Each structure stands twice: as structure tokens, then as C-alpha cells.
Amino acid sequence: MGQKVNPHGLRVGVIKDWDSRWFAKDEEFGDTLVSDYKIRKFLKEKLQAAGVPKFEIERDRMRVRIFIHCAKPGMVIGRGGVEIEKLRAELEAMIGRPVALNVVEIKNPDSNAQLVAESIAAQLENRIAFRRAMKQAIGRTMRLGAKGIKVSCSGRLGGAEKP
């Protein structure tokens, strides 16, 4: 049986950069790693509607910098920066260190695999027909120059029996 390798891990250091950039002593490493996981989970829940495929976390002795890559930066920032300030305050309370949030806009959200997958999942959750959801997502992405898309779904979609 072959061994499976995560494609992201295979490319890190070659064509992709690390999603977390920090150094820690052996005693602090586990706590820092768990803290990064909690930050990502918290932000993913909070910013689900903003189309966020990736978070980058940088740490130094004094502060934590978080880069939020998103399709809809207006939803993250809010009117007059109110939402991002609330988010920053919550993260500071959670981590116990000063936090700097930077929002990075994704220019072509239809060419980002994570966002296309979340879009298809959201359409299926809203009971939109499977074929229609696939056709819309694949059509937009292929027009932008993607070489291909592979989608696999299982189970009874929308409560329907097998055709």
C-alpha cells in the first residue's frame, strides 16, 4: 500500500511558504502550536461569510501578527474598522499578547481552490441542485484559466435517492 503525502507539506519551502512563522523553545513549542490552532479555528468560525481560505501567523517576543487572506475584506474590516477592532480585542484576550491584524484581499476568489470548495459546499447546504452548483462553480473557475477541477461528493445529497 502506498503512503499518502499531504500536497501542502510537500510544497512548503519549495513553492509555498509556511503558514506560521515563529521560533519557540522546546518547553513552549506545544503551547504555541495549540494557540495557533485555536486562533485559526476561532477566526474560521467568526469569518466564515467573508470567504477566508488562509491565515498566516507571525510571532515575536512582543506581539502576534495575523494576516487574513479573504475574498470580501469589507466584511472583515466592517464600517469604519469597527469589526476588525472587536476581533483584535477578542484575540488579545484569548492570547494574552498584543495582536496586529492585517487583511489581504484575494484578487480572483474563483481561482482559489479552498474558496471554490466552500462555495460548492454552501450551495449544497442551501439545497441547490448538485448539477447546477457544480456547473456554476466549474464554469467560473475554468473561464479564469484553471487547468481542471476534480470534485467528489458522497451520500444522499438533498435527501434524494440514487438516480
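Everything below is about the structure shown above.
So, how was this worked out
- Residues numbered from 1 in each chain as written.
- Predicted model: local features only at pLDDT ≥ 70, side-chain atom pairs only at ≥ 80, totals over all residues.
- Heavy atoms only, no water.
- Salt bridge = Lys/Arg side-chain N within 4 Å of Asp/Glu carboxyl O.
- Helix = DSSP H or I, 4+ residues; strand = E, 2+ residues; numbered from the N terminus.
- Buried < 20%, exposed > 50% of the residue type's maximum accessible area, 1.4 Å probe, protein only.
- Expected span 1.5 Å × (residues − 1).
- Contact = heavy atoms within 4.5 Å.
- Polar contact = N/O pair within 3.5 Å; in protein donor to acceptor, adjacent residues only side chain to side chain.
- Core = buried A, V, L, I, M, F, W, Y, C linked by side-chain atoms within 4.5 Å.
- Patch = residues over 30% accessible without salt bridge, like charges linked within 9 Å, V, L, I, M, F, W, Y side chains within 5 Å.
- Areas by Shrake-Rupley, 256 points an atom, 1.4 Å probe, with all protein chains shown as cover.
- Lys, Arg positive; Asp, Glu negative; His and termini not counted.
- Charge placed at Lys NZ, Arg CZ, Asp CG, Glu CD.
- Axes fitted to C-alpha atoms, helices over the stretch in contact; angles between N-to-C directions.
- Parallel < 35°, antiparallel > 145°, perpendicular 65-115°, else oblique.
- Left-handed = near helix turned anticlockwise from the far one by under 90°.
- Pairing = 2+ DSSP bridges.

A. Region of the structure containing the pattern of salt bridges. In total, this model carries 14 salt bridges according to the counting rule given. A salt bridge links glutamate 85 to arginine 88, with the nearest nitrogen and oxygen atoms 2.7 Å apart. With glutamate 85 and arginine 88 both in helix α4 (residues 82–95) and three residues apart, this pair spans about one turn of that helix. The closest approach of N and O atoms between glutamate 92 and arginine 88, which form a salt bridge, is 2.7 Å. Here glutamate 92 and its partner arginine 88 are both found in helix α4, four residues apart, which amounts to about one turn of the helix. A residue is classified by how much of its surface remains accessible, and glutamate 92, at 26% relative accessible area, is partly exposed. Overlapping salt bridges bring together Asp17, Arg21, Lys54, Glu56, Glu58, Asp60 and Arg65 as one network.

B. View of the side chain of threonine 32. On the secondary structure map, threonine 32 appears in helix α2 (residues 26–46). For threonine 32, a relative accessible area of 14% puts it in the buried group.

C. Focus on helix α5 (residues 113–125). End to end, α5 covers 18 Å across 13 residues, agreeing with the expected 18 Å (1.5 Å per residue, within 8%). Next to the buried residues of α5 lie α6 (130–143). Between a side-chain oxygen at the N-terminus of α5 and the backbone nitrogen of glutamine 114 the separation is 3.0 Å; the capping residue is asparagine 112. One or two residues past the end of α5 sits arginine 127, with phi positive at roughly 65 degrees.

D. The arrangement of the nonpolar core in detail. Judged by nonpolar contacts, the single largest core of 19 residues is most densely connected at Leu43, Leu47, Ile66, Ile68, Leu91 and Leu101. Of all the secondary structure elements, the ones that give two or more residues to this core are α2, β2 (54–59), β3 (64–70), α4 and β4 (99–105). Setting aside chain neighbours within four positions, we find leucine 43 in contact with Phe55, Ile66, Leu87 and Leu91.

E. Representation of a negative patch on the surface in the model. A surface patch of negative charge is lined by Asp26, Glu27, Glu28 and Asp31. Counting through the fold element by element, aspartate 26 comes out in helix α2.

F. Up close: the packing of α2 against α4. Two numbers describe how α2 lies on α4: the axes approach to 11 Å, and their chain directions differ by 155 degrees. The orientation of α2 with respect to α4, classified from their angle, is roughly antiparallel. Our pair here, α2 against α4, has a crossing hand that is right-handed. Counting all contacts with α2, which are made through Lys38, Ile39, Phe42, Leu43 and Lys46, the residues of α4 involved are Leu87, Glu90, Leu91, Met94 and Ile95.

G. Structural view of the sheet that holds β4. Taken in spatial order, the four strands make up an open sheet running β1-β2-β3-β4, and their pairing is mixed. The open sheet has two edge strands, β1 (20–21) and β4, and neither has a second partner. In the sheet, β3 pairs with β4 via seven bridges, with the strands oriented parallel. When the sheet's bridge partners are listed, arginine 65 is paired in β4 with alanine 100. Lying on the sheet, α2 is in contact with β1, β2 and β3; it crosses β2 at an angle near 145 degrees. Against the sheet, α4 engages β3 and β4, with an angle of about 135 degrees to β4.

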